[in-house]
Every structure is written in structure tokens, then in C-alpha cells.
Amino acid sequence: MAASLSRPLRLRLRGSGHRLLPSRPSSTHASKPPTPPAAAPPPPGTGKEASAWSKLFLFAPGAITFGLGTWQLFRRQEKIEMLDYRTQRLEMEPVAWNETVSSAALRDPSVLEFRKIVCEGDFDVEKSVFIGPRSRSISGVTENGYYVITPLIPRLTEPGSLQLPILVNRGWVPRGWRDTNMQNHQDLGETSEVKQADKKTDERSMWWKFWSKEPESSSEVQKPVKSVKPPVRVIGVIRGSEKPSIFVPANEPSNGQWFYVDVPMIAHECGLPENTVYIEDVNEDVSATNPYPLPKDVNALIHHSVMPDDHLKYTVTWYTLSAAVTYMASKRIKVKKVRL
């Protein structure tokens, strides 16, 4: 009956020009939001793979520290062989530094590596270079000083003299010795300038002496006897330039400041070729009255910053750390199994 009454009502409303609004659905018949699709189940074996990777990650530090300990063992063996090689070479008889040996060393410096050589010549002390400061411990007291490097010039008139100039690290000197030596060279330079000026003055007045003085008889004329010093004999070991760390400042040749041994730079400053041979004096015949410069000890050439015993300590440290990390990883895995 409600349907039959609503139909004439609609016709009347249409005829009167009124638009019928659509009826709102009741709250009891409201539409529900669509349910999201269910997530796909993970493929079989994914959890096991993640667990395996986590186990490997836990044991990775132990494996790395174990590898470092093994690497220290190989380094220790290499260091032992290197020290044995140096010791054997230094115990050989010194080689005379002649033209043949010098040319062979210039072609291949490794031929005479850690071999003692004997050479003779004269030190050009005016061109000495001081490397430092370098400390030296004497009876538990540390004293600062320098290494003095001086060109050794050949004396061609001597049969045992070297043929080409070389650079010689004569040894360690205290700071006071360096200051005194530099002051003496300055005084010597001033004295030589005065002598040259006096010589020029004497030459100007020479003709006055010639006319005012009677010639001396041949019996009264005596020739001055010049005393010739014997050449300096050096026993040293061929070395190369030092490799400075990042904390060592650069050399300043213009200011006379040298912080490390740079053979080509020192040779250029001394007026020598850049491929000049550089040796370190190891002569043990030191005068008690004049101990400086003090040559290097042969054992200092054999000694290395990291000795085989140090490598053994590093090995024990890495292996202990590896065992501790591996033990903690295994305990962690056991705790996870108990929780499951």
C-alpha cells in the first residue's frame, strides 16, 4: 500500500516542478570498507638464511684478528731473514773503494748494500751539513745534538784515494760542538779575507822592497818545508736517504736547517752531483782526546724499529683478542637457542 501511495506522490511532484532528492541509505545498511588482501607468506628457508648470515657476522671479528696474528708471524720470519742478511754483510771484510767499485755502486747500489767500504781523501769541513736535532742517551741522560755530513774529496796523488767525491755521515756531535765549529769557520773566513787584503798591499809595495833591499846570497835562501797531512781513512756503510714521517718538517737549505737526510738535496747544496754516494762512518777507532764526531755503532745499522720479538708480542695480542671475540660470539648464539 505504501508503494501505491508513493507513486502518485512522485507524479505530482514532477508535475509541480520540484525535483525529488535521492533518499539517503540508512545507517543500518552502510557499506563497509574493503578488506586489504592478506600478505603472502615468506618463502621457505628465509629465516634460516638470515640466521646463518647473523652467525657469520658474529664470528667475523674473530676471523679478522686471527688473520692479523698469522700475518705477524710471517712478518717476524721476514724480519729475522733481513737481520741475518745485514749481519752477514756487515761481518765481511771491507771493500776498497776504487774506480771499479764506485762505478758498480752507481749502477746498482744494492751490490754493496750493508757492505763496509774503505776510502781515503780529505774532508771539506767548510761544506758540512748538520742534521737534527737528534737525541742521544748517555748513561741514562738524554742530550740533543746533530749528525754532521761532510763531503770527502779525493786526493788523486795518493794511490788508495777514491776517484769521486762522496758524502760521509761522520757521526753525532753535541749542540755545543756544532755552535763552536760554525763560529770557528766564520772566524777562519774573516781571517782569510784579511790575509788576502794584506797580500794585495804587499804586492803593491813589492817594487819598493826590490830596489831598497840587496839580493840575498843563495846560501842564505832556504826553501820552506811544507808538512803534508796524511789522507783521512774512512770505514763506512753505503746508505740511502731517510723517509721522514708526516711530523718532520721540510728541509730549508737556504736557512741551513736540515731535519732529515735527503742525499740528492744535500749533494746539490755541497756542489756535488745528485747521484753522489752517501755512507755512514762506522769506524770504531775513536780518539779519547777528540771523541767527536762520534761514529754510529754497527749494531744500530742492524737494529730495526720493529724487531722480531715485537712481532711475536703482536701475534700473542691478536690471537688472544681473536679467542675472546670468538668466545663471546659462541655464547651469544647459545643464548638465542635457549630462548627459542
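Thresholds applied
Residues numbered from 1 in each chain as written. Predicted model: local features only at pLDDT ≥ 70, side-chain atom pairs only at ≥ 80, totals over all residues. Heavy atoms only, no water. Pairing = 2+ DSSP bridges. Helix = DSSP H or I, 4+ residues; strand = E, 2+ residues; numbered from the N terminus. Salt bridge = Lys/Arg side-chain N within 4 Å of Asp/Glu carboxyl O. Buried < 20%, exposed > 50% of the residue type's maximum accessible area, 1.4 Å probe, protein only. Phe/Tyr/Trp six-rings, centres within 6.5 Å; stacked < 30°, edge-to-face > 60°. Lys NZ or Arg CZ within 6 Å of the ring centre and 35° of its normal. Core = buried A, V, L, I, M, F, W, Y, C linked by side-chain atoms within 4.5 Å. Contact = heavy atoms within 4.5 Å. pLDDT = per-residue confidence, 0-100.

**Description of the pairing of strand S2 (residues 116-123)**
Point 1. The sheet contact formed by strand S1 (residues 95-96) and S2 spans 2 bridges and is parallel. Each residue of the ladder has a partner; that of Val-95, found in S2, is Ile-117.
Point 2. The sheet contact formed by S2 and strand S6 (residues 232-239) spans 6 bridges and is antiparallel. What sits directly across from Cys-119, in S6, is Val-234.
Point 3. In this sheet, strand S4 (residues 141-153) lies alongside S2 in antiparallel orientation, the contact comprising 2 bridges. Opposite Asp-122, over in S4, you have Ile-153 as the bridge partner.

**Here we look at the pattern of salt bridges**
Opposite charge on two side chains permits pairing when their charged atoms draw close.
Point 1. All told, the structure shown has 6 salt bridges when counted by the stated rule.
Point 2. Between Arg-155 and Asp-122 there is a salt bridge; the shortest N-O distance is 2.7 Å. Remark: Asp-122 occurs in strand S2 and Arg-155 occurs in the loop between S4 and strand S5 (166-174); sequence separation between them is 33 residues.
Point 3. The shortest N-O distance in the salt bridge between Asp-124 and Lys-127 comes to 3.9 Å.
Point 4. Given a relative accessible area of 39%, Lys-127 falls into the partly exposed group.
Point 5. Linked through salt bridges whose partners overlap, the residues forming this network are Arg-239, Glu-280 and Lys-296.

**Observations concerning the packing of aromatic side chains**
Point 1. Scanning all chains against the criterion turns up 3 aromatic pairs.
Point 2. The aromatic ring of Trp-172 is capped on one face by Arg-136, whose charged end is 5.4 Å from the ring centroid.
Point 3. The lysine or arginine in question, Arg-170, covers the ring of Phe-123, its NZ or CZ lying 4.8 Å from the ring centre.

**What about the nonpolar core?**
Point 1. The biggest cluster of nonpolar side chains holds 14 residues, and the ones touching the most others in it are Ile-131, Ile-149, Leu-167, Val-261 and Ile-266.
Point 2. Looking at this core, the elements with two or more residues in it are strand S3 (129-138), S4, S5 and helix H6 (263-269).
Point 3. No other element matches H6, which puts 3 residues into this core.
Point 4. In this structure, Ile-266 is in contact with Val-129, Ile-131, Ile-149, Leu-167, Trp-258 and Val-261, ignoring residues within four places of it in sequence.
Point 5. With 13 residues, the next largest nonpolar core counts Ile-117, Cys-119, Leu-152 and Val-168 among its residues.

**Describing unusual backbone geometry**
Point 1. Here the residue pair Gly-132 and Pro-133 is connected by a cis peptide bond, since its omega of 10 degrees sits within 30 degrees of zero.
Point 2. In this structure, Pro-133 sits in strand S3.

**So, the confidence of the model for the chain**
Point 1. For the chain, per-residue confidence averages 76 on the pLDDT scale, and 65% of positions sit at 70 or higher.
Point 2. Ranking the elements of the chain by mean pLDDT puts helix H5 (residues 206-212) last with 50 and H6 first with 93.
Point 3. When the criterion is pLDDT under 50, residues 217-221 qualifies, and its contacts beyond four places in sequence or with other chains add up to 1 contact.

**What to know about the side chain of Thr-315**
Point 1. Locating Thr-315 in the fold gives a position in helix H8 (residues 308-339).
Point 2. Here Thr-315 falls in the buried class, since its relative accessible area comes to 4%.

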